[in-house]
Amino acid sequence: MKITDIELGMLRVPLKTPFKTALRTVETMEDVVVLVRTDSGHTGYGEAPPTAVITGDTHGSIIEAINTFIKPRLLGEDISNLNRICGLIQSSLERNTSAKAAVEIAVYDLWAQLHGAPLYQMLGGGDPVITTDITISVDYIDKMVADSLSAVERGFESLKIKVGKDIGLDIERVKAIHAAVEGRALLRLDANQGWTAKQAVYAMSALENAGVVLELLEQPVKAADIAGMKYVTERVNTPVMADESVFSPHQVFDLIQQGAADIINIKLMKTGGISNAIKIADIASLYGVPCMIGCMLESSISVAAAVHLAVAKSGAITKVDLDGPSLSQFNPVEGGVIFNESEITITDAPGLGILQVRGLEMIKP
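Computed from a predicted model, the values in this text were never measured in an experiment.

S.K.: What is the right way to look at the sheet that holds strand E17 (residues 361–363) in this model?
M.R.: What links the strands of a sheet is backbone hydrogen bonding, and the strands pair in either a parallel or an antiparallel sense. On the basis of which strands lie adjacent, the open sheet formed by 4 strands has the order E3-E2-E1-E17 and antiparallel pairing. The sheet is open, and its two edges are formed by strand E3 (43–48) and E17, each paired on a single side. Strand-to-strand twist in this sheet, taken as the mean axis angle between neighbours without regard to direction, amounts to 30°. Bridge analysis of strand E1 (residues 3–20) against E17 gives 3 bridges, and the strand direction is antiparallel. Paired with Met10 across the bridge in E17 is Glu361.

Encoded structure:
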């Protein structure tokens, strides 16, 4: 099974409600889809969202990175040589992690298809059913409470609360949501780099003293402020999770050795794909540090890959934040992983199990 072509398409899926964080507001998922074709007639699927404020990737940079730098290196390569292909992808250019991830996902999809097995089984196996949290976008207090209650009624037992806009209002937002859903759902707080270290300690002290119990606090400070992250971690009772601060396995080593965070958030679009995500999970596991598996605004194409990884690495990945499909108005994918609100189920289909992607607008080379 050799690679004969790599095609790109644009996928647009409206969100149920605008996705609002301290960094951005998005109303429609607009992702680049990768289709890796082979001489055997098989197709592998991958996907890359433009998340300029986090990864630096845009539609233009993703398309250029794949067409100009990655694709020429992969044509003619045999899918059975998975490690070689991943090495070619990762060394094709610096950064551009979303573009690399999209192609790697498609290659892993084909590798598992080659062996006639679901990807998670090729990665080590596991229980093919997991549950995810869902994001509550930052908004007016009444709206966030209503959204939280709606999510609980739909069966979600973990809520990821977006904050980081206004420190005083953030505290009131969390208190109101906690009062509304206490005992019915776990709360995860995500500041998306919106606070300073001292603000984070102030906010968490106020919440903890008020009896608000949080499962974790995600990325309270700027990505590069590792000292600030450590400052917060050492001064609050709630576990602190690093997200934007951690892209590579080397960064995970540094963060863990400095004691700057309690949990690591793995996202395929940050790691550049599955190969580095596996390394991060293994490193964290060696140190006894738990991981979450997360996503950007992605459809069930690349989120499916994250699901397969989460199942296979469940010993290290203990928390799941794969709600992209739940935030979308419809699922454009036929086949593949089954997303049913908080419950996610992998089928027995080979690879990612994707049969086709509806509504795809092909991009001319």
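Structure's up, so let's keep going.
S.K.: Can you walk me through the UniProt feature "domain: Mandelate racemase/muconate lactonizing enzyme C-terminal" (unreviewed entry) in the chain in this structure?
M.R.: Mapped onto the present numbering, the UniProt feature "domain: Mandelate racemase/muconate lactonizing enzyme C-terminal" (unreviewed entry) falls on residues 141–239. For residues 141–239, the helix share is 52%, the strand share is 13%, and the end-to-end C-alpha distance is 24 Å.

S.K.: Whenever I open this one, the pattern of salt bridges confuses me. Can you help?
M.R.: Two side chains that carry opposite charge are able to pair once their charged atoms sit near each other. For the structure on display, the rule yields 22 salt bridges. The partner of Asp147 in a salt bridge is Lys143, with the nearest N and O atoms 2.8 Å apart. Here Asp147 and its partner Lys143 are both found in helix H5 (residues 141–153), 4 residues apart, which amounts to about one turn of the helix. Judged by relative accessible area, which is 23%, Asp147 ranks as partly exposed. Relative accessible area serves as the criterion here: at 32%, Lys143 is assigned to the partly exposed category. Put simply, Asp243 and Lys267 hold a salt bridge, and the shortest N to O gap is 2.8 Å. Placement of Asp243 in the loop between strand E9 (240–242) and helix H9 (249–258) and of Lys267 in strand E10 (residues 263–267) is noted, with a sequence separation of 24 residues between them.

S.K.: I keep staring at the nonpolar core and nothing clicks. Help me out?
M.R.: In globular proteins that are soluble, nonpolar side chains generally tend to be buried together. Of all hydrophobic cores here, the largest spans 129 residues; its most connected members are Leu159, Leu189 and Leu322. A total of 11 residues in this core trace back to one element, the largest contributor, which is helix H3 (residues 97–114). Discounting residues that sit within four places of it in the chain, Leu189 has contacts with Ile161, Val163, Val174, Trp195, Met204, Leu207, Leu214, Leu216, Leu217 and Glu218.

S.K.: Please clarify how the packing of H5 against helix H6 (residues 167–181) should be interpreted in this entry.
M.R.: The geometry of a pair of packed helices is captured by two quantities: the angle between their axes and the separation between those axes. At their nearest, the axes of H5 and H6 sit 9 Å apart, and the two run at 35° to each other. Here H5 runs over H6; the crossing is right-handed. Packed against H5, whose contacting residues are Ile141, Met144, Val145, Ser148, Leu149 and Val152, the element H6 presents Leu169, Glu172, Arg173, Ala176, Ile177, Ala180 and Val181 at the interface. Among the residues making up the contact of H5 with H6, the classes are represented as 10 nonpolar, 1 polar and 2 charged.

S.K.: Help me out: how do you make sense of the side chain of Glu104 in this one?
M.R.: Among the structural elements, Glu104 can be located in helix H3. Among buried Asp, Glu, Lys and Arg side chains, Glu104 stands out as unpaired, with Lys279 the closest opposite charge at 7.9 Å. Within polar-contact distance, the side chain of Glu104 engages the side chain of Ser275 at 2.6 Å. Leave out the neighbours within four places in its chain, and Glu104 touches Cys86, Ile89, Gln90, Gly272, Gly273, Ile274 and Ser275.

S.K.: Just to check I follow, could you spell out the pairing of strand E6 (residues 158–162) for this structure?
M.R.: Strand residues, when the strand is regular, have side chains that alternate between the two faces of the sheet. Of all 5 residues in E6, 5 are buried; the element is thus mostly enclosed. Residues Ser158, Lys160 and Lys162 point to one face of E6 and Leu159 and Ile161 to the other, with burial holding for every one of them. By the bridge criterion, 3 bridges tie strand E5 (residues 134–136) to E6 in an arrangement that is parallel. Looking at E6, one finds that Thr135 is bridged to Lys160. Alignment of E6 against strand E7 (residues 186–190), held across 5 bridges, turns out to be parallel. By the bridge assignment for E7, Lys162 is matched with Asp190. Once you follow E6 into H6 and on to E7, the crossover reads as right-handed.

S.K.: Would you explain the sheet that holds E7 in this entry?
M.R.: Pairing is parallel across the open sheet formed by 8 strands, whose spatial order is E5-E6-E7-E8-E9-E10-E11-E12. Only two strands of the sheet have a single partner each, and these edge strands are E5 and strand E12 (317–321). Mean inter-strand twist for the sheet, computed between neighbouring axes without regard to direction, equals 30°. Here strand E11 (residues 291–294) runs beside E12; their pairing, made up of 4 bridges, is parallel. Its bridge partner lying in E12, Cys291 is registered against Ile317. Strands in contact with H6 are E6 and E7; relative to E7, the strand with the most contacts, it is inclined by about 165°.

S.K.: Sorry if this is basic, but what is going on with the pairing of E7 here?
M.R.: A large share of E7 lies buried, amounting to 4 of its 5 residues. Here 3 bridges tie E7 to strand E8 (residues 216–218), and the two strands are oriented parallel to one another. By the bridge assignment, Leu189 is partnered in E8 with Leu217. Tracing the backbone out of E7, into helix H7 (residues 197–209) and back to the parallel element E8 gives a crossover that is right-handed.

Parameters at a glance
- Going along each chain's sequence as written, the residues are numbered from 1 onward.
- pLDDT decides what is reported in this predicted model: residues at 70 or higher carry local features, side-chain atom pairs at 80 or more are listed and counted, and totals for whole chains, interfaces and linings draw on all residues regardless.
- Each side-chain value is derived from all of the structure's non-hydrogen atoms; neither hydrogens nor water enter the calculation.
- At least two bridges found by DSSP between two strands are what make those strands a pair.
- Numbered from the N terminus, helices here are DSSP runs of H or I no shorter than four residues, and strands are runs of E no shorter than two.
- Comment: axis = line fitted to C-alpha atoms, over the contacting stretch for helices; angle = value between 0 and 180 degrees taken between N-to-C directions.
- UniProt positions are given in the numbering used here, feature names are shortened, and annotations may be inferred rather than shown by experiment.
- The salt bridge definition used is simple: a Lys or Arg side-chain nitrogen within 4 Å of an Asp or Glu carboxyl oxygen.
- Burial classes follow relative accessibility: with a 1.4 Å probe on protein chains only, a residue under 20% of its type's maximum area counts as buried, one over 50% as exposed, and anything between as partly exposed.
- Within this scheme, the nonpolar core is defined by two criteria: the residues are buried Ala, Val, Leu, Ile, Met, Phe, Trp, Tyr or Cys, and they are joined through side-chain atoms within 4.5 Å.
- Every residue pair with non-hydrogen atoms within 4.5 Å of one another is taken to be in contact.
- Handedness of a helix crossing follows the sense of rotation of the near helix relative to the far helix, less than a right angle counterclockwise being left-handed and clockwise being right-handed.
- Only Asp, Glu, Lys and Arg are considered charged in this grouping, and only Ala, Val, Leu, Ile, Met, Phe, Trp, Tyr, Cys and Pro are considered nonpolar; every other residue, Gly among them, is considered polar.
- As used throughout, the charge tally considers Lys and Arg to be positive and Asp and Glu to be negative, leaving His and the chain termini uncounted.
- In protein, a polar contact means a hydrogen-donor-capable atom and an acceptor-capable atom, both N or O and within 3.5 Å, with residues adjacent in sequence counting only if both atoms are side-chain atoms; elsewhere, any N or O pair within 3.5 Å suffices.
- Looking down the strands as they point away from you, a crossover is right-handed if its path from the first strand over the helix to the second goes clockwise.

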